[in-house]
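Understanding the architecture of this molecule
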Amino acid sequence: MSDELELVSITKSFGGWLKRYAHQSRVLNCEMTFAIYLPPQAQDVTVPLLWWLSGLTCTDENFMQKAGAHRVAAELGMAIVCPDTSPRGTDLPGEHDSYDFGSGAGFYVNATRSPWSEHYQMYDYVTWELPVLLQETFPLNGRQSISGHSMGGHGALICALKNGGLYQSVSAFAPMTNPVNCPWGEWAFSGYLGDDRKAWKEWDATELIRARGCQFEILVDQGDADNFYHDGQLRPEALEKACKSAGVPLILRYQPGYDHSYFFIATFIEEHMRYHANHLRLE
C-alpha cells in the first residue's frame with residue numbers, strides 16, 4: 001500500500017520531518033492528502049502516534065503550521081498525523097455552498113444518505129484505512145492517542161468512544177460534544193445521515209456516553225470567550241452531565257479569556273501532548 005503514496009512536500013522541523021502525502025482513498029473514492037510529523041527518534045526506532053482531527057474549513061495543514069507542536073513532539077519522540085477534514089474533488093451538488101457542510105466539513109461520520117454516501121465515509125477513513133496505511137509505511141509502534149478541535153474534537157471523541165481499545169487516550173479543544181442538539185450538528189447530520197434522529201446518536205459523544213459509558217478518562221479544554229460556546233454549538237455542559245451520570249472521569253477546564261482560534265490551541269497543546277505522552281508511556 002505504501003507504493004501508492006505520493007510525497008507532496010517535505011520540511012525539516014526540530015530535527016524531525018514534516019511530510020505531506022497524497023494517495024487514492026478506496027474508502028472515500030477520491031484523492032486525499034494528509035500530513036505527518038516524524039520526530040528525530042523515528043530515524044532509529046518506532047514511535048507512538050498522536051492523531052489530530054481538525055475543525056470546519058481546515059485541511060491537513062492548519063494544525064501543522066499554527067499549533068507549534070513540533071518542538072514538543074521532537075522532545076517526546078511522538079509522531080503526529082493530520083488527515084484532511086473531508087473528501088476532496090468530488091464536486092457533488094451543493095458540496096461547496098456552505099462552510100459547515102460538504103467540502104471541509106466531513107464531521108468524521110459515515111454518510112448513509114445519497115449522494116454523500118459515495119464519498120463521505122470519514123469515520124472509516126480515520127479509524128481504518130489511513131491507520132493501516134500509516135502502520136505499513138512509517139516507523140510507528142502501534143500505540144496511538146487522539147485529539148482534535150471543534151468538529152475535530154467531536155471526531156476525536158466519537159472515534160475513541162466507538163473504539164475502546166484503539167487509542168491509549170483522548171483529548172479535545174472546544175469540541176462539539178452534543179451535535180444532535182446543536183445547529184451545526186443538526187444541519188450536517190440531516191444531510192449526511194437523513195431524518196432519523198435516533199441514528200444520529202451513534203455519532204454523538206454525549207449520547208454514546210449515556211448509552212455505553214466509557215472506560216477511560218477524557219480531557220477537554222474550553223475557552224470561556226469562545227463565541228461558538230456561547231452560541232450553543234459546543235455544549236460542554238451536556239458532556240459533563242453525561243459523564244457525571246455514567247461515572248466517566250472527565251477533566252473539563254474552562255480557560256478564561258480564550259476564544260476558538262489556534263492561539264487557544266497553541267497555548268495549551270503542550271499540556272495535551274504531555275498528557276497523551278503519559279498514556280503512551282513516554283513520560
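Above this text sits the structure in question.
Read on for a plain summary of the structure. Along each chain, the written sequence defines residue order, and numbers are assigned to residues from 1. Two thresholds apply to this predicted model, a pLDDT of at least 70 for residue-level local features and 80 or more for giving and counting side-chain atom pairs, whereas whole-chain, interface and lining totals are computed over all residues. Hydrogen atoms and water are omitted, and side-chain values are computed over all heavy atoms in the structure.

A short note on the overall build of the protein
Every helix listed is a DSSP run of H or I at least four residues long, and every strand listed is a run of E at least two residues long, numbered separately from the N terminus. Within the protein, the secondary structure is distributed over 10 helices and 9 strands. We take the radius of gyration over the C-alpha atoms and set the globule estimate at 2.2 Å times the residue count to the 0.38 power. Its C-alpha atoms give the protein a radius of gyration of 18 Å, within 12% of the compact-globule value 19 Å for 283 residues. Seen through its C-alpha atoms, the protein measures out along the principal axes to roughly 50 × 40 × 35 Å. Partly exposed describes any residue whose relative accessible area lies between the buried limit of under 20% and the exposed limit of over 50%, with all areas from a 1.4 Å probe on protein chains only and scaled to the type maximum. Per-residue burial for the protein yields a buried fraction of 59% across its 283 residues. Contacts are residue-level and defined by heavy atoms, with any inter-residue pair within 4.5 Å sufficient. Residue pairs at least 24 apart in sequence account for 71% of intrachain contacts in the protein once pairs closer than 6 positions are excluded. The Shrake-Rupley method, run with a 1.4 Å probe sphere, supplies the accessible areas, and residue values consider only the shown protein chains as cover. For the protein, the exposed area adds up to about 11300 Å²; of that, 48% sits on carbon and sulfur atoms.

Section: the layout of surface pockets
Definitions used throughout: a 1 Å grid over protein atoms alone; a cavity as a set of points that fits a 1.4 Å probe which cannot get out; a pocket as an open set with protein on both sides within 12 Å along at least five of seven lines; a lining residue as one with an atom within 4 Å of a point. Grid points are joined across faces, edges and corners, and a volume is the space filled by probe spheres set on the points. By volume, the largest pocket is sized at about 160 Å³. The residue inventory of the lining of the largest pocket, partitioned by class, reads 6 nonpolar, 6 polar and no charged. When residues are sorted by character, Ala, Val, Leu, Ile, Met, Phe, Trp, Tyr, Cys and Pro go into the nonpolar class, Asp, Glu, Lys and Arg into the charged class, and all the rest, Gly among them, into the polar class.

Quick notes on the packing of aromatic side chains
What counts as a ring pair is set by centres within 6.5 Å for rings of Phe, Tyr and Trp (its six-membered ring), and what kind of pair is set by the plane angle: stacked under 30 degrees, edge-to-face over 60, tilted for all other angles. Within the structure shown, the criterion is met by 19 aromatic pairs. Between Trp 52 and Phe 63, the ring centres sit 4.3 Å apart and the planes meet at 25°, which makes this aromatic pair stacked. One end of the pair, Trp 52, is in strand 4 (residues 47-53); the other, Phe 63, is in helix 1 (residues 61-66), and 11 residues separate them in sequence. Residue Phe 63 is classed as buried on the basis of its relative accessible area, which comes to 1%. The interplanar angle of 80° and the centroid separation of 4.8 Å between the aromatic rings of Phe 101 and Trp 116 together place this pair among those described as edge-to-face.

A short note on helix 7 (residues 205-212)
Residues Ala 205, Thr 206, Glu 207, Leu 208 and Ile 209 constitute the buried set of helix 7. The inward-facing, buried residues of helix 7 abut helix 4 (151-162), strand 8 (218-223) and helix 9 (236-246). One side-chain oxygen at the N-terminal end of helix 7 lies 2.9 Å from the backbone nitrogen of Thr 206; it belongs to Asp 204. Where helix 7 ends, the next residue or the one after it, Gly 213, has phi of about 75°, a positive value. Whenever a nitrogen or oxygen atom comes within 3.5 Å of another N or O atom, the pair is scored as a polar contact, on the condition that within protein one atom can donate a hydrogen and the other can accept it, and that pairs from neighbouring residues in sequence are kept only if both atoms are in side chains.

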